[in-house]
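Letter by letter, the chains look like this.
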Amino acid sequence: MRCVDKSFSGNAADRIIHEILTTEFLLAVWQTVHERADLELLTIPRQSLVKHSAFQVIDSNRRTRLIPDAMFLFRQTGGGMACCFVEMDNGTMNQKKIRAKYARYLAQVRQLLT
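Scope of this entry: the structure provided in the associated data block. Being a predicted model, the structure only gives us computed values, none of them experimental. (Residues numbered from 1 in each chain as written. Predicted model: local features only at pLDDT ≥ 70, side-chain atom pairs only at ≥ 80, totals over all residues. Heavy atoms only, no water.)

### Some thoughts on the environment of histidine 18
As for its placement among the helices and strands, histidine 18 is situated in helix α1 (residues 12-34). Judged by relative accessible area, histidine 18 falls into the buried class, the value being 18%. Placed 70 residues apart in sequence, histidine 18 and methionine 88 show a C-alpha to C-alpha distance of 6.9 Å. Residues in contact with histidine 18, not counting those within four places in the same chain, are Asp69, Met88 and Asn90. At 2.8 Å, the side chain of histidine 18 forms a polar contact with the backbone oxygen of methionine 88. (Helix = DSSP H or I, 4+ residues; strand = E, 2+ residues; numbered from the N terminus. Buried < 20%, exposed > 50% of the residue type's maximum accessible area, 1.4 Å probe, protein only. Contact = heavy atoms within 4.5 Å. Polar contact = N/O pair within 3.5 Å; in protein donor to acceptor, adjacent residues only side chain to side chain.)

### Comments concerning the pairing of strand β3 (residues 62-65)
With four bridges connecting them, strand β2 (residues 56-59) and β3 associate as antiparallel partners. The residue of β3 that forms the bridge with aspartate 59 is arginine 62. Connecting β2 to the next strand, β3, in antiparallel fashion are two residues, including serine 60 with a positive phi near 55°. (Pairing = 2+ DSSP bridges.)

### Thoughts on the packing of aromatic side chains
The tally for this structure, following the rule as stated, stands at four aromatic pairs. Judged by centre distance (6.2 Å) and plane angle (25°), the ring pair of phenylalanine 72 and phenylalanine 74 falls under stacked. The two residues phenylalanine 72 and phenylalanine 74 agree in class, both being buried. Ring geometry for tyrosine 102 against tyrosine 105: centres 5.7 Å apart, planes inclined by 25°, an arrangement best described as stacked. With tyrosine 102 and tyrosine 105 both in helix α2 (residues 95-113), this residue pair falls three residues apart, about one helical turn. Here the aromatic cluster, defined as three or more aromatic residues joined through ring pairs, consists of Phe55, Phe85, Tyr102 and Tyr105. (Phe/Tyr/Trp six-rings, centres within 6.5 Å; stacked < 30°, edge-to-face > 60°.)

In structure tokens, the structure reads:
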């Protein structure tokens, strides 16, 4: 079944499975943090990531956006904070797109270090 909406390209069933797997992963993160007194989950934003300026990167002299499938931010008591990006691959993304996505991660790291 292919979706006819151009903004939602690709196989709709694959997109739904991807969303379910990502949600299940984030639920496991929430459960893990909830069971540990030394951890605090600060945020799990979802769709708001797309437009946030922090995700604009310059890759190969071209302005683009890093759009992780999800992210979460947690803090450990007596320690620091960690921001974790989630990429959920269910085998539908070709190698060229995967390489491009990880190149954007590398570009973001380089941007943060300069």
